[in-house]
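Close look at the chain arrangement
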Amino acid sequence: MAFAELGLAPRLLEAVTAAGFTHPTPVQREAIPLALQGHDLLVSSQTGSGKTAAFMLPCLHRLILAGPSRRPRVLVLTPTRELAQQVSSAALDLAGRRGPRVAVLVGGAPYAVQLKQLRGPLDIVVATPGRLMDHLQRGKLDLSGIDTLVLDEADRMLDMGFIDDIDAVVARLPAARQTLLFSATLDGVVGTLAARVTRAAQHIEIARTLQAPKIEQRLLFADGHDHKLRLLDHLLSDSTLRQAVVFTATKAGAEDLAGRLEDQGHAVQALHGDMTQGARNRALRALREGRARILVATDVAARGLDVPGISHVVNFDLPMQAEDYVHRIGRTGRAGRAGQAYTLAYLRERGKVKGIERFTGSTIPVATLPGLEPKARPERSEDARKTGAVKRRSNKPGESKAYGQYKAGNGVHRRSQSF
Ligand code: AMP
């Protein structure tokens, strides 16, 4: 199917071509025609599936048809500042010649700039729920003209405790509006929210595996923190590495590691929730402009990060939640490029790794780096057992390749690799 068959305005078709999109992704194929017909939508899709364009193109189409207005017509709520910036950039990129007037209202940024944006005419407001409520309570923003509400990464907004803010915002919107809700999952509390904010919504479920084939994943076991640092040094010395995001579990961990890498002469930036918005923007700009090769980040800060040069993701610490693994590795392999994702784990964390594998539905192949093999060996996994692999526990050097076989998610049997 071509973009031209989706029913979008010619100006938008020119813009998607200029953006280098040749064909709509599955979520775009499914969501755009239904959204153009005016349906409310509940869409389960992952980061990297092309979901931003899936909701932004119909929004832009409606704006073009409606013509100029003083009051904003589209409201997009996102969980994080970075995702809000990214949605705003996508709106400008996908709109073609005459871009929409977009205000980005996010926490941590100065009020003055935002208030100035709110004084002029606007088409689209992209906001995090907390800061949007601040502006609404101060009477600085009129949402009575909103005809499309988008909840992007709704599951994440709920995880972050934005439920009351979302309800308070929705209560101020016209009842006659279109609501497009995007979320990795539509179960549980997301389902309850969806039932409150949408009407006769159409459900679209996009398989989780879309992004996976482009990203090569490897699991490296480590004996301790120092071992992890040595593994990281090795990975970062790879000449095929253009840019990398290294994930840590904590803000302090991100600071420490960034400082250490900087001392070693790497061009590195940290990104975490304790930084001011200005410092975050500077870090992201350095990455986008190629002045930084490595970004050391925490989960929340890096959500939505879209930099095409990111060839590698390293999970220095395992994510707290299995779902975050998918978001993390989705920072690489952007826009059709290939990516590498390495996960460092202690043997005692095998249960957590299993949780991730259950969530993604595929096994992360175990690898070793020559000279950096763990002293303790992982036993073969349940999946490996099913394939009839030989159980090895030897600590002898030179046997690092012999972890046995595993069964990859696609059913292909491979041997764990040694680099
Ligand atoms: P998203 O899931 O919205 O974060 O998008 C992931 C990436 O895919 C972004 O870098 C988009 O620019 C890119 N993208 C979105 N739609 C398409 C498309 N139809 N063809 C190629 N790349 C796309």
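In the block above lies the structure referred to throughout.
Residue positions within a chain follow its written sequence, with the count starting from 1. Residues qualify for local features only when their pLDDT is at least 70, as the model is predicted, and side-chain atom pairs are given and counted only at 80 or more; totals for whole chains, interfaces and linings, by contrast, use all residues. Excluding hydrogens and water, the side-chain values take into account all heavy atoms of the structure.

**As for the site of the ligand**
Only a single heavy atom is needed: when it lies within 4 Å of a molecule or strand, its residue is near that molecule or strand. Near the ligand you find 16 residues, and of these His23, Gln28, Gly48, Gly50 and Thr52 are the closest. Each polar contact in these results corresponds to two N or O atoms within 3.5 Å; when the atoms are within protein, one needs to be able to donate a hydrogen and the other to accept it, and residues that are neighboring in sequence are counted only if both atoms are side-chain atoms. Within the backbone of Ser49, a nitrogen or oxygen atom sits 3.0 Å from an oxygen atom of the ligand. At a separation of 2.6 Å, an oxygen atom of the ligand approaches a polar side-chain atom of Thr52. Delimitation of the domains relies on an automatic or database domain assignment. Taken domain by domain, the shell around the ligand gets at least three of its residues from each of domain 1 (3-205) and domain 2 (215-418).

**Here's the deal with the sheet that holds strand E5 (residues 148-151)**
Either a parallel or an antiparallel arrangement is found when strands of a sheet pair, and the pairing is made through backbone hydrogen bonds. Only when DSSP finds a minimum of two bridges between them are two strands counted as paired. Secondary structure elements are defined from DSSP: runs of H or I of at least 4 residues count as helices, runs of E of at least 2 residues count as strands, and each element is numbered from the N terminus. The parallel open sheet is built from 7 strands, whose spatial order is E3-E4-E2-E5-E6-E1-E7. Both edges of this open sheet fall to strand E3 (102-105) and strand E7 (202-205), since each of them pairs with a single strand only. Pairwise comparison of adjacent strand axes, ignoring direction, gives a mean angle of 15 degrees for this sheet. Summarising the sheet, strand E1 (residues 41-44) and E7 pair through 4 bridges and their orientation is parallel. Paired with Leu42 across the strands is His203, a residue of E7. What makes two residues a contact is simply this: any of their non-hydrogen atoms within 4.5 Å. Angles here are taken between N-to-C directions and fall from 0 to 180 degrees, while the axes themselves are lines fitted to C-alpha atoms, restricted in helices to the stretch in contact. The strands that helix H3 (residues 51-66) touches are strand E2 (74-77), strand E4 (124-127), E5 and strand E6 (178-183); relative to E6, the one it contacts most, it runs at about 165 degrees.

**Quick look at the packing of H3 against helix H4 (residues 81-94)**
A pair of packed helices can be characterised by two numbers: the angle between their axes and the separation between those axes. Remark: H3 packs on H4, axes separated minimally by 10 Å, with the N-to-C direction vectors making an angle of 55 degrees. The orientation of H3 relative to H4 falls into the category oblique. Along this stretch, H3 crosses H4, giving a crossing that reads as right-handed. Contacts from Thr52, Ala53, Phe55, Met56, Leu57 and Leu60 of H3 reach H4 at Val87, Ala90, Ala91 and Leu94. For the contact of H3 with H4, a count of residues per class yields 9 nonpolar, 1 polar and no charged. Any angle between 65 and 115 degrees counts as roughly perpendicular, while under 35 counts as roughly parallel, over 145 as roughly antiparallel, and the rest as oblique. The hand of a helix crossing depends on one turn: near helix anticlockwise from the far one by less than a right angle means left-handed, and clockwise means right-handed. Three classes are used, and their members are as follows: Ala, Val, Leu, Ile, Met, Phe, Trp, Tyr, Cys and Pro are nonpolar, Asp, Glu, Lys and Arg are charged, and the others, Gly among them, are polar.

**With respect to the packing of aromatic side chains**
Geometry of aromatic contacts follows a simple scheme: Phe, Tyr and Trp rings, the Trp one being its six-membered ring, pair when their centres are within 6.5 Å, and the pair is stacked under 30 degrees between planes, edge-to-face over 60, tilted otherwise. Tallied over the full model, the rule gives 1 aromatic pair. Working rule: Lys NZ or Arg CZ, within 6 Å of ring centre, within 35 degrees of ring normal, means a charge sits over the ring. We note Arg131 situated over the ring of Tyr111; from NZ or CZ to the ring centre the distance is 3.8 Å. We note Lys228 situated over the ring of Tyr346; from NZ or CZ to the ring centre the distance is 4.3 Å.

**Quick notes on the pairing of E4**
Here E4 shows no split at all, with Ile124 and Val126 on one side and Val125 and Ala127 on the other all buried. Relative to E4, E2 runs parallel, the two sharing 4 bridges. Bridge pairing in E4 links Leu75 to Val125. Read as a crossover between parallel neighbours, the route from E3 over helix H5 (residues 111-119) to E4 is right-handed. Per-residue accessibility, obtained with a 1.4 Å probe over protein chains only, is compared with the maximum for each type, and a residue is labelled buried under 20%, exposed over 50%, and partly exposed between these values. Place the viewer so that the strands point away; then a crossover is right-handed whenever the path from the first strand over the helix to the second strand goes clockwise.

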